[in-house]
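Geometric and topological summary
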Amino acid sequence: MKRIIATILLAVMVLVTSCGAEPPVLMDFLGPQTDGNDFGGVTIRINSDDNSEAEDDSGSKKGFIGTVLRYDLETTLGDAIMQRTEAVKKALNVNIEYEWEVDRETARMKLMSGSWDADITSYTGFGGMQDFAAAGMLHPIADFDIIDLNETWKYGGPNVLEGGMVNSVPYSVQPVSWPGWEPMECYALFYNRDIGSMNGITDPQEFYENQTWVWDTFESEYLAKVNLTSGSEKIPCLATGIDPLYYCLAYSNNVQYVEMGADGAFKINAAPNELIEALSEGREWVTMYGDNIDLSEGYWSHDNYDDGYGYMTLASPGTIVTGSLAYEVDFFSGIMPFPCGPSVEYGRWGQAIQRIEGFGIPISSKEPEVAAHVISELFEPFDEYIGTLEEYYSSMAFEEGTYDTEIYTSLDDYSKYDYTFAGGSDLMRGVNNNLASVLRSSKGVAEAIQSYSGQITVIAEKYILPNYDYMYNNYYANLEN
């Protein structure tokens, strides 16, 4: 309705202007509100690895941008981001340019040399914004009064900020009010509703509704019971990778490597009992139901599930909004949190956030204050273009009469950043890969975890503990109350 009103008023403006009268003020309808700042037409460049050049059907480059901040420009969300961009340009009197496909190492070298021309930048993987911040390449977000980190609905809560945090100082924010940006690089459990209905499988959301969605239910109702075939071929209940299964088991059981001690001091626990419990459970599943669990997929891959080979998979939640489950499959997927383990309070759906797609302001920016205003305006919700998040998800991404929207929008509530790419290397990822391999080995679980405790201690001391003062006071202490 707001878009219709804006269109009508724009037509009125053109008519009145043609008659020589003053045009009406349309800012209420055309974009975010501002405090009257006019930045004189300066150009703000936004570089992100979520921007990409347009391609034709053969894969040939077209020479202009085709995806902006994750959104394909030929979609509803692509329309929304460009409308918002135009509104911000008018509201602040700035020019905004999106740059694409500058590889991360080139960006790093230019940032270090001071020759980087981007005013806002975002990179993921191998440390991402946290790595840039640790190298002194970014402004602390607190330098800019216009960005209020108390607005967690807009910039992300502490568990999102942690992915761009160094020594308890946040250096990046994320547009969590935009579709597909809230529960980003963690894992959700997706299931094929078409396969379920055709084979009489109980919809998992019945257990969510009855508040019985725990490890034991998942095992007894799905791993042990679901038996699918296609001709003579066995179709697994769960088609995923060993790493996703490890992460989901660990974090659904409240694994935490730093905690508050009885004396009020923070301490490292490199071999938590919750992790031993999680890997022991996982090994039992893999051993007992090996023909019903296919672990051949990679970290974020779910190709088998997309092809109909598997009833369930573990995948990034955003894939059902902006990825393959939104555009490339011919069946309906339901979404669930991974079930709760025995060491966590029921309903606190633990997720491992592996990467944060944060946006920061490089120290090389010639207009850092203007860049901060652009972030503030740009990151406002898209309500005037697509309705509220709940309205968009219910009408565009999920089926009516389900808990999909409720589940999707709550996945980040108890998630934790897991420092997989801490330090710009595979340090923690290597440890996690080794721990994941325990699910398939015969080595004692406690012994295996203990063998990596030295590496975990080093990582915790260097990366996790320095941020824990901020994280405890702004996040974990609240969870305990």
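Here's what I pulled together on the structure shown here.

What to know about the overall build of the protein chain
Helix and strand counts for the protein chain stand at 22 helices and 19 strands. Counting only residues that meet the buried cut, the protein chain has 56% of its 481 residues in that class. Accessible surface, the protein chain as shown: approximately 19,900 Å² in total, 48% of it carbon and sulfur.

Looking at the packing of helix H11 (residues 242–251) against helix H12 (residues 273–288)
In the contact formed by H11 and H12, the axes pass within 8 Å of each other and the chain directions differ by 135°. Here H12 runs oblique to H11, going by the angle between their axes. Judged by the sense of rotation from one axis to the other, the crossing of H11 with H12 is right-handed. Judged by residue contacts, Leu245, Tyr246, Leu249 and Ala250 of H11 engage Leu275, Ala278, Leu279, Gly282, Trp285 and Val286 from H12. Among the residues forming the contact of H11 with H12, the class breakdown is nine nonpolar, one polar and no charged.

Concerning empty space enclosed by the protein
Under the definition given, this model contains three cavities of 30 Å³ or more. Every residue lining the largest cavity is counted, 13 residues in all, and those nearest its centre are Gln256, Tyr257, Tyr417, Ile464 and Tyr476. Within the residue set of the lining of the largest cavity, elements represented by two or more residues are strand E19 (416–417) and helix H22 (453–480). When residues of the lining of the largest cavity are assigned to their parent elements, the largest contribution, three residues, is made by H22. Here the residues of the lining of the largest cavity are counted per class, giving nine nonpolar, one polar and three charged.

What to know about the packing of helix H10 (residues 215–223) against H12
It is at 12 Å that the axes of H10 and H12 come closest, and there the two elements cross at 5°. In terms of orientation, H10 and H12 fall into the roughly parallel class. Counting all contacts with H10, which are made through Trp215, Asp216, Phe218, Glu219 and Leu223, the residues of H12 involved are Glu277, Ala278, Glu281, Glu284, Trp285 and Met288. Here the contact of H10 with H12 is composed, by residue class, of six nonpolar, no polar and five charged.

Digging into the environment of Trp300
Tracing the backbone through its elements, the reader meets Trp300 in the loop between strand E15 (293–294) and helix H13 (303–306). Distance from Trp300 to Leu314, taken between C-alpha atoms, is 8.2 Å for residues 14 residues apart in sequence. Excluding its chain neighbours within four sequence positions, the residues that come into contact with Trp300 are Glu185, Cys186, Tyr187, Ser316, Gln354 and Arg355.

Regarding the pattern of salt bridges
Under the counting rule described, the total for this entry stands at twelve salt bridges. Among the ionic pairs, Glu97 bridges to Arg45, the shortest N-O distance being 3.4 Å. Here Glu97, found in strand E5 (residues 94–99), pairs with Arg45, found in strand E1 (residues 42–48); they are 52 residues apart in sequence, far enough to count as distant. Owing to a relative accessible area of 26%, Arg45 belongs among the partly exposed residues under this scheme. The salt bridge involving Arg193 is made with Asp203; its shortest N-O contact spans 3.6 Å. One end of the pair, Arg193, is in helix H8 (residues 193–198); the other, Asp203, is in the loop between H8 and helix H9 (205–209), and ten residues separate them in sequence. A network of salt bridges, in which partner residues are shared, links Arg193, Asp203, Glu399 and Asp404.

Remarks on the sheet that holds strand E6 (residues 120–122)
With parallel pairing, the three strands of this open sheet are ordered in space as E5-E1-E6. Of all the strands in the sheet, the pair left with one neighbour each is E5 and E6. Direction aside, neighbouring strands of the sheet carry axes that sit 15° apart on average. Inspection of the sheet shows E1 paired to E5 by six bridges, in the parallel sense.

Some words on the packing of aromatic side chains
Summed over the entire model, instances satisfying the criterion amount to 37 aromatic pairs. Aromatic pair Tyr191 and Tyr311: ring centres 6.1 Å apart, planes at 55°, arrangement tilted. In this pair, Tyr191 sits in strand E9 (residues 188–192) while Tyr311 sits in the loop between H13 and strand E16 (312–315), placing the two residues 120 residues apart along the sequence. Comparing Tyr191 with Tyr311, the two get one shared label, buried. Lying across the ring of Trp181, Arg70 places its NZ or CZ 5.0 Å from the centre.

Quick word on the nonpolar core
Side chains that are nonpolar tend, in soluble globular proteins, to be buried together. If you look at the biggest cluster of nonpolar residues, it comprises 132 residues, and the most contacted ones within it are Leu69, Tyr222, Tyr246, Trp285 and Leu435. Per element, the largest residue contribution to this core is 13 residues, and it comes from H22. Apart from the residues lying within four places of it in its own chain, the contact partners of Tyr222 are Ile201, Thr202, Asp203, Pro204, Phe207, Trp213, Thr217, Cys237, Asn292, Tyr311 and Met312. Ala107, Leu111, Ala118 and Ala133 belong to the second largest nonpolar core, which has twelve residues in total.

Cut-offs applied
Residues numbered from 1 in each chain as written. Predicted model: local features only at pLDDT ≥ 70, side-chain atom pairs only at ≥ 80, totals over all residues. Heavy atoms only, no water. Helix = DSSP H or I, 4+ residues; strand = E, 2+ residues; numbered from the N terminus. Buried < 20%, exposed > 50% of the residue type's maximum accessible area, 1.4 Å probe, protein only. Areas by Shrake-Rupley, 256 points an atom, 1.4 Å probe, with all protein chains shown as cover. Axes fitted to C-alpha atoms, helices over the stretch in contact; angles between N-to-C directions. Parallel < 35°, antiparallel > 145°, perpendicular 65-115°, else oblique. Left-handed = near helix turned anticlockwise from the far one by under 90°. Contact = heavy atoms within 4.5 Å. Nonpolar A, V, L, I, M, F, W, Y, C, P; charged D, E, K, R; others polar. 1 Å grid on protein atoms, 1.4 Å probe; cavity = no way out; pocket = protein on both sides within 12 Å on 5 of 7 lines; lining within 4 Å. Points joined across faces, edges and corners; volume = space filled by probe spheres on them. Salt bridge = Lys/Arg side-chain N within 4 Å of Asp/Glu carboxyl O. Pairing = 2+ DSSP bridges. Phe/Tyr/Trp six-rings, centres within 6.5 Å; stacked < 30°, edge-to-face > 60°. Lys NZ or Arg CZ within 6 Å of the ring centre and 35° of its normal. Core = buried A, V, L, I, M, F, W, Y, C linked by side-chain atoms within 4.5 Å.

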